[in-house]
Structure formats: structure tokens, C-alpha cells
Amino acid sequence: AQSVSQHNHHVILSEAASLELGCNYSYGGTVNLFWYVQYPGQHLQLLLKYFSGDPLVKGIKGFEAEFIKSKFSFNLRKPSVQWSDTAEYFCAAYTGTASKLTFGTGTRLQVTL
Amino acid sequence: DAGITQSPRYKITETGRQVTLMCHQTWSHSYMFWYRQDLGHGLRLIYYSAAADITDKGEVPDGYVVSRSKTENFPLTLESATRSQTSVYFCASRGQTNTEAFFGQGTRLTVV
């Protein structure tokens, strides 16, 4: 069965520090990958997505992610986090032949001033 | 208004009662999903639908029923609510392949 793993459950960073959140998926073949963000008390919003092409994907608010097929990974990065980036981050995936979108368990990011 | 809306936003119900959570989208998206969000578990898929009259179980379907008689609506029913079903429920929709899912604002359900 397809699965998505996020190994960092809770990350605490100081403002201006660099961020990298890990995401791994379990299946081969064509895969569509996403990072969503959930600010406190809000619904999920799309940060960035990968369908095909350039494996380095730029998203909103300075986030980017790199798709590494050989490692089944899609890690999220940001060079310099801000206090307003405090949120929960979810990696998600679906294959080209499957309907359902599977999520990782999420990473709670806390940015301190 | 365009988008995906869930109702109610908040609901308190008693154990054993039936409760229905509504989800409506205006994009005519083919796919619709129900997730529950619980601390430590992230989002878990309850049911999904690829089109009207086509539904399928997700990861945690027990105790839930769905229907999709119209493309734009995807209600989720808890037939006999239990305390373990206290959660935040999110509905989502997306178009065909190579598109992202859009989420509703969520319904916070408390079963007492």
C-alpha cells in the first residue's frame, strides 16, 4: 500500500535559521507530490506541488522542495524561516493510477523570535 | 460563492446519535475526500469518491457512511457516534490527474 512518511514530528527553530523537513514515499512509478501547510486553527493550504519536469519546485512564501526519485524523497526547504512560518506541514502524494491522496503524519514547526 | 464549504463548522453530539457532516464544492471536481485529523495521526482518509455514485473506503472507514448522488455534494454520516470519533473532519476535492486537492475549513466534531 502507498504510504508517506515524515520523520520530523516537531521542529523548533530560531527566526532566520534554515529549514529542511523530510518526506519519503513508498511506491515507484509516476507519483504526484505535495506539501501543504496548516496554520493554527485553519484549513490546509497548498505550499507547492510536483507532477513532472524540474525536480526542484518553488512554492509560495519562499519554500522549495526537491524531488529525488532514487531516494523516494521530497524534502521541503526554506533558507530563512520567519516567526509567521509557525504551522504544521504535511507531505502528501498520489500515484498516477490511484485516486486517493495519502498524507504523512505532519511536522509541527515552531519558530521562536 | 465558489470553492469548497463544510457545514457545520462545529458540532457537539451525544454518543449513539446519528450525525451528518456536509461538504459542497462548486468546481465540478471529480474527486472528493473525507479526512479526519487527530493529534499524532495527521490526516487519515475515511472515504473518497471518484465521481457521482462512485465511492470507496479509505484508511479508517468503520462507523462512517458516505453518498454522492450529485457531483458537488459529498456528505459524511456517522451512523451511531462514538467518543473515538471526536475529531476535526476535513473535506477536499480535486479535478482529474495532475491537480492538487483543495480543502474545506473543517468541522470540529465533539462526541460526548
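The residue count restarts for each chain, going from 1 along the sequence in the order it is written. Each chain gets a letter, beginning with A, and each ligand a number, beginning with 1, in the order they are written. Note on the predicted model: pLDDT of at least 70 is required for a residue's local features to be given, and 80 or more for side-chain atom pairs to be given and counted; whole-chain, interface and lining totals, by contrast, use all residues. Just so you know, side-chain values use all the structure's heavy atoms and leave hydrogens and water out.

A. Summary view of the state of the cysteines. Cysteine sulfur atoms are paired as a disulfide whenever they come within 2.5 Å of each other. By the definition in use, this model includes two disulfides over all chains. Here Cys 23 of chain A is linked by a disulfide to Cys 91 of chain A, with a sulfur-sulfur distance of 1.9 Å. Every disulfide takes its handedness from the sign of the S-S torsion; for Cys 23 of chain A and Cys 91 of chain A that torsion is -65°, giving left-handed. Placement of Cys 23 of chain A in the loop between β3 (19-21) and β4 (24-25) and of Cys 91 of chain A in strand β10 (residues 87-95) is noted, with a sequence separation of 68 residues between them. There is a disulfide in this structure between Cys 23 of chain B and Cys 91 of chain B, and the S-S distance comes to 1.8 Å. Secondary structure elements are defined from DSSP: runs of H or I of at least 4 residues count as helices, runs of E of at least 2 residues count as strands, and each element is numbered from the N terminus.

B. Spotlight on the environment of Tyr 47 of chain B. Residues and elements named next belong to chain B. Its place among the elements puts Tyr 47 in strand β5 (residues 42-51). Sequence separation between Tyr 47 and Tyr 64 is 17 residues; the distance between their C-alpha atoms is 8.4 Å. Once residues within four sequence positions are removed from consideration, Tyr 47 is found in contact with Met 32, Phe 33, Trp 34, Asp 56, Lys 57, Gly 58, Pro 61, Tyr 64, Val 66 and Phe 74. Contacts: residue pairs with any heavy atoms within 4.5 Å of one another.

C. Fine view of the pattern of salt bridges. The rule for a salt bridge is simple: a side-chain nitrogen of Lys or Arg has to be within 4 Å of a carboxyl oxygen of Asp or Glu. Inspection of the entire model under this criterion finds nine salt bridges over all chains. Here Glu 64 of chain A makes a salt bridge to Arg 77 of chain A, at a shortest N to O gap of 3.4 Å. With Glu 64 of chain A in strand β8 (residues 64-68) and Arg 77 of chain A in strand β9 (residues 73-78), this pair connects stretches of sequence that are 13 residues apart. Working definition: with a 1.4 Å probe on protein chains only, accessible area under 20% of the residue-type maximum means buried, over 50% means exposed, and in between means partly exposed. Given a relative accessible area of 16%, Glu 64 of chain A falls into the buried group. Residue classification places Arg 77 of chain A among the partly exposed residues on the basis of a relative accessible area of 23%. Between Glu 14 of chain B and Arg 17 of chain B there is a salt bridge, with its nearest N and O atoms 3.3 Å apart. By sharing partners, the salt bridges in this structure join Lys 58, Glu 64, Glu 66 and Arg 77 of chain A into a single network.

D. Expanded view of the interface of chain B and chain A. Listed as interface residues are 23 residues of chain B and, on the opposing side, 22 residues of chain A. Buried area, as used here, totals the accessible surface that two parts lose on assembly, with accessibility defined by a 1.4 Å probe and the loss added over both. Both sides of the chain B and chain A interface together cover about 1700 Å² of buried area, and 57% of this is carbon and sulfur. At the boundary of chain B with chain A, the tally comes to one salt bridge. Between Lys 49 of chain A and Glu 100 of chain B there is a salt bridge; the shortest N-O distance is 2.9 Å. For the side of chain B that touches chain A, the secondary-structure elements that each account for two or more residues are β4 (31-38), β5 and β9 (87-94) of chain B. When residues of the side of chain B that touches chain A are assigned to their parent elements, the largest contribution, five residues, is made by β5 of chain B. When grouped by side-chain class, the residues that make up the side of chain B that touches chain A number eleven nonpolar, ten polar and two charged. Residue type decides the class: Asp, Glu, Lys and Arg count as charged, Ala, Val, Leu, Ile, Met, Phe, Trp, Tyr, Cys and Pro as nonpolar, and the leftover types, Gly among them, as polar.

E. Inspection of the environment of Val 81 of chain A at higher detail. Residues and elements named next belong to chain A. With respect to the helices, strands and loops of the structure, Val 81 is situated in the loop between β9 and β10. A C-alpha to C-alpha distance of 27 Å links Val 81 and Gly 53, two positions 28 residues apart in sequence. Once you skip the residues sitting within four places of it in the chain, Val 81 turns out to touch Leu 13, Ser 14, Glu 15, Ala 16, Ala 17, Leu 19 and Val 111.

F. How the structure looks around the side chain of Lys 78 of chain A. Residues and elements named next belong to chain A. Relative to the elements of secondary structure, Lys 78 occurs in strand β9. With relative accessibility at 6%, the residue Lys 78 sits in the buried group. Distance and chemistry together define a polar contact, namely a pair of N or O atoms within 3.5 Å, with one atom able to donate a hydrogen and the other to accept it when in protein, and with adjacent residues in sequence counting only for side-chain atoms on both sides. Within the local environment of Lys 78, its side chain forms a polar contact with the backbone oxygen of Lys 61, the two atoms lying 2.9 Å apart. Lys 78 has contacts with Ala 17, Ser 18, Leu 19, Lys 61, Gly 62, Phe 63 and Asp 85, leaving out every residue within four places of it along the chain.

G. Here's a closer look at the sheet that holds strand β8 (residues 76-78) of chain B. Residue and element names in this part refer to chain B. Here four strands make up an open sheet; going across it, the order is β1-β3-β8-β7 and the pairing antiparallel. Either end of the sheet is taken by a strand with one partner, and the two such strands are β1 (4-7) and β7 (64-66). Taken over all neighbouring pairs, the strand axes of this sheet differ in orientation by 15° on average, direction set aside. Here, a strand pair is defined by DSSP locating no fewer than two bridges between the strands. Relative to β8, β7 runs antiparallel, the two sharing three bridges. By the bridge assignment, Val 65 is partnered in β8 with Thr 77. Lines fitted to the C-alpha atoms define the axes, with helices restricted to the stretch that makes contact. Angles between their N-to-C directions range from 0 to 180 degrees.

H. Fine view of the pairing of strand β11 (residues 107-111) of chain B. Residues and elements named next belong to chain B. Burial along β11 is one-sided: Thr 107, Leu 109 and Val 111 are buried, and none of Arg 108 and Thr 110, which face the opposite way, are. With four bridges joining them, strand β2 (residues 10-13) and β11 adopt parallel strand pairing. Bridging from a neighbouring strand, Ile 12 pairs with Thr 110 of β11. Bridge count between β9 and β11: three bridges; the pairing is antiparallel. Along β11, the bridge assignment pairs Val 88 with Arg 108.

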